[in-house]
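# A structural walkthrough
Given next are the chains, with one letter for each unit.
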Amino acid sequence: MTAETQTEELTFYSGMTEPVDDSSAIDCLDDPLREISEKLYRMGEVIKGHGSGNGAYVNFGGFRFPNMLAPAKACTGEVYGVVSWEAHRQLYTNPATSSSLFKGTVEPFFGPTLSPRDPPEHTKYRAVMQLGFMPKQIESYKDTIARPVLSRRFSTLRKKGRADLVREINVFYPYEVVGRIVGYDFADVEFVAACMDGIWQGNHDVDTAVKAGKDLREYAAKLIAKRRDDPKDDYVSALFDAEVDGEKITEKNLVGLVNHFLSGGIETTYRQTSLLVYDLLTHPEQLELLRGDRELVPRAVEETLRYDGIGGSTCRTLTEDAEICGTRIPKGSVVFTFHLCANRDPSRWENPHDYDIARPQQRHLSFAMGPHMCIGQHLARFLLGEYLAHFLDDFPNVRWDPEAQIPRPRGWNQRACSSLPVVWET
């Protein structure tokens, strides 16, 4: 499908829900997040690992993790990992912690996004990105964009009594919402999704990633040119008035910011939505608790983000020697974060491997921490909460489809369920 294609009916693109990395060594475990967390915690708060497959994988504690974010050439030898909540806090708040290694894995494909920048440059461009992500802006999206999209999509299914939610709602509604905010045509959803999927294959299939990145950058450039000729009330048009250091943003930087918005606003939400539904359906006592008390909707969202977030790891490098939780890490080392382990830190959460939507709320790491904390977190939280409200209201007594196989989440860097077969009363 090309970016110019206009169509009413969209064909489901499997790459939207399949793992974007080779997580087969993790997916085969009975309870991956628990088994990995418990093993790595026994090793310490900061642990050592090593690369394999010419840097396409990193190995910690006998587990092989796909490396999707660090340049493969930087991970052929020894690497470090932070496991505990406190180790993550110390890493993210250490001024020697740098995101510059993303210049080799993100910038060549998406363009100059926020990810590879460190302060003070990062701070300046983050202020521009926040034009679309601030709570005030999200408030303006609620009734004009998000609620109409979700209402329409749920209403089309309400009378059916059976659906695969992934293929009929989840993979499309974030594209439609974010697409309207940014200003791209929703008919291009498959094209944009295929580009993002291809980019994430960079450490395995360079040719595919290079082509996908080129296609996405060209698409963003065409969208920017179109909005220059015909400005709208959308994010791209708003960027034209933004300045950094008193100067208008260059075309190259505009492309990177638009692509960052697309990736950050879309991928986090549609994958996390599947995990939200999965966790509630596989813990029916929690679903009943939620049905009886709708005030728990925000808590259910936060508990899923803690218990079953989409992002297993990200990475940083150090510009100086640093000490994290008593472990010295040399300058230039690649340090992998284990958010899904930190979110189950037994020193922070009681019974961390239990899914409990009524547990006392504490900050989790699914949106990271520090200068690079996820800029799309407010939008993601809002969309997940709105989706869950519709899920409860529009699908009475929703449950797993007894005639279908119950799925399991797969993936490590971007976990998700590839299907959600459910039935409900009509």
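Above: the structure in question.
Now for a description of the structure that goes with this document. Along each chain, residue indices are assigned from 1 in the same order as the chain's sequence is written. Local features are withheld for residues below a pLDDT of 70 in this predicted model, meaning they are given only at 70 or higher, and side-chain atom pairs are given and counted only at 80 or more; totals for whole chains, interfaces and linings count all residues. Each side-chain value is derived from all of the structure's non-hydrogen atoms; neither hydrogens nor water enter the calculation.

## A few points about the overall build of the protein
Starting at the N terminus, helices and strands are each numbered in turn, a helix being any DSSP run of H or I of at least four residues and a strand any DSSP run of E of at least two. Counting its secondary structure elements, the protein contains 16 helices and 14 strands. The atom set for the radius of gyration is the C-alpha atoms, and the globule formula is 2.2 Å times the number of residues raised to the power 0.38. On C-alpha atoms alone, the protein measures out to a radius of gyration of 21 Å, which is about the 22 Å that the 2.2 N^0.38 rule sets for 426 residues. When the backbone C-alpha atoms are referred to their principal axes, the protein occupies close to 60 × 55 × 40 Å. Residue exposure (1.4 Å probe, protein chains only): buried if accessible area is under 20% of the type maximum, exposed if over 50%, otherwise partly exposed. For the protein, buried positions account for 59% of its 426 residues. The long-range fraction of contacts in the protein, counting pairs at least 24 apart against all pairs at least 6 apart in sequence, stands at 74%. Only the protein chains shown count as cover for residues, and the accessible areas themselves come from Shrake-Rupley with a 1.4 Å probe. Per element, the accessible surface of the protein, about 17,200 Å² overall, is 49% carbon and sulfur. The contact definition used throughout considers only heavy atoms, calling two residues in contact when any of these lie within 4.5 Å.

## Thoughts on the packing of helix α10 (residues 206-229) against helix α12 (residues 251-281)
Relative to each other, α10 and α12 sit at 110°, their axes nearing to 9 Å. Judged on the interaxial angle alone, α12 and α10 are roughly perpendicular. When α10 is examined against α12, the residues L216, R217, A220, A221, I224 and R228 are found in contact with a partner set consisting of E251, L254, V255, V258 and N259. Residue classes in the contact of α10 with α12 are distributed as 7 nonpolar, 1 polar and 3 charged. Here the axes come from fitting lines to C-alpha atoms, over the contacting stretch only for helices, and the angles between their N-to-C directions go from 0 to 180 degrees. Each angle gets one of four labels, with under 35 degrees taken as roughly parallel, over 145 as roughly antiparallel, 65 to 115 as roughly perpendicular, and the rest as oblique. Three categories are distinguished: nonpolar for Ala, Val, Leu, Ile, Met, Phe, Trp, Tyr, Cys and Pro, charged for Asp, Glu, Lys and Arg, and polar for the others, with Gly belonging to the last.

## Thoughts on the pattern of salt bridges
Should their charged atoms come close, side chains of opposite charge can pair. Counted as salt bridges are all cases of a side-chain nitrogen of Lys or Arg within 4 Å of a carboxyl oxygen of Asp or Glu. Under the criterion given, the structure shown has 30 salt bridges. Here R152 makes a salt bridge to E176, at a shortest N to O gap of 2.1 Å. Of the two residues, R152 is situated in helix α6 (residues 135-157) and E176 in helix α8 (residues 173-182); the sequence distance between them amounts to 24 residues. Across the pair E218 and K214 runs a salt bridge, and its minimum N-O distance is 2.7 Å.

## A short note on the packing of aromatic side chains
Classification of ring pairs uses Phe, Tyr and Trp, with its six-membered ring standing for Trp, and accepts pairs whose centres are within 6.5 Å; under 30 degrees between planes counts as stacked, over 60 as edge-to-face, and the remaining range as tilted. Applying the stated criterion across every chain yields a total of 21 aromatic pairs. Each ring, one from F65 and one from F338, has its centre 5.1 Å from the other, and the planes form 65°; the classification is edge-to-face. Of the two residues, F65 sits in strand β3 (residues 63-66) while F338 sits in strand β12 (residues 334-338), which places them 273 residues apart along the sequence. Like F338, F65 is buried. Measuring from ring centre to ring centre gives 6.1 Å for W85 and W349, while their planes differ by 85°; the resulting arrangement is edge-to-face. Placement of W85 in helix α3 (residues 85-93) and of W349 in the loop between α15 (339-342) and α16 (377-394) is noted, with a sequence separation of 264 residues between them. We classify W85 as buried; its relative accessible area is 11%.

## Focus: the environment of L296
With respect to the helices and strands, the residue L296 is situated in the loop between α13 (284-292) and α14 (297-307). Note on L296: relative accessible area 10%, which makes it buried. Taking the C-alpha atoms as reference, L296 lies 21 Å from N170; in sequence the two are 126 residues apart. Beyond its immediate chain neighbours, meaning those up to four positions away, L296 contacts L289, L290 and I357.

## Brief notes about the side chain of D21
By the secondary structure assignment, D21 is in the segment before α1 (24-27). Here D21 occupies a buried position and makes no salt bridge, while the nearest side chain of opposite charge, R271, is found at 7.9 Å. Side-chain atoms alone can form a polar contact between residues adjacent in sequence; in general such a contact is a pair of N or O atoms within 3.5 Å, and within protein one must be able to donate a hydrogen while the other accepts it. Here the side chain of D21 touches N413 through a polar contact of 2.7 Å, side chain to side chain. Charge convention: Lys and Arg are scored as positive, Asp and Glu as negative, and His as well as the terminal groups of each chain are ignored.

## A word on the pairing of β12
Counting buried residues along β12, 5 of its 5 residues qualify, which places the element largely inside the surrounding structure. Covered by surrounding structure in β12 are V334, F336 and F338 together with V335 and T337, the residues of both alternating faces. Paired strands are those between which DSSP finds at least two bridges. As paired strands, strand β4 (residues 78-82) and β12 are joined by 3 bridges and run parallel to one another. From the neighbouring strand, Y80 faces β12, where its bridge partner is V335. In terms of strand pairing, strand β9 (residues 313-318) meets β12 through 5 bridges, oriented antiparallel. Following the sheet pairing, S313 is matched in β12 by F338.

## Side note on α6
Throughout, the bend at a residue refers to the angle made by two axes, fitted to the seven residues ending there and to the seven starting there. Of all the bends in α6, the greatest measures close to 65° and is centred on K142. What α6 keeps buried is the set I138, Y141, K142, I145, A146, V149, L150, R153, F154 and L157. Where α6 is buried, its residues contact β6 (162-164), α7 (165-170), α8 and α16.

## Re α10
The end-to-end C-alpha distance of α10, which contains 24 residues, comes to 35 Å, matching closely the 34 Å that a straight helix rising 1.5 Å per residue would cover. Of all the positions in α10, only A209, A212, G213, L216, Y219, A220, L223, I224 and R227 are classed as buried. Next to the buried residues of α10 lie α4 (107-110), α8, α9 (189-199), α11 (235-239) and α12. Expected span, for any helix, means 1.5 Å times one less than how many residues it has.

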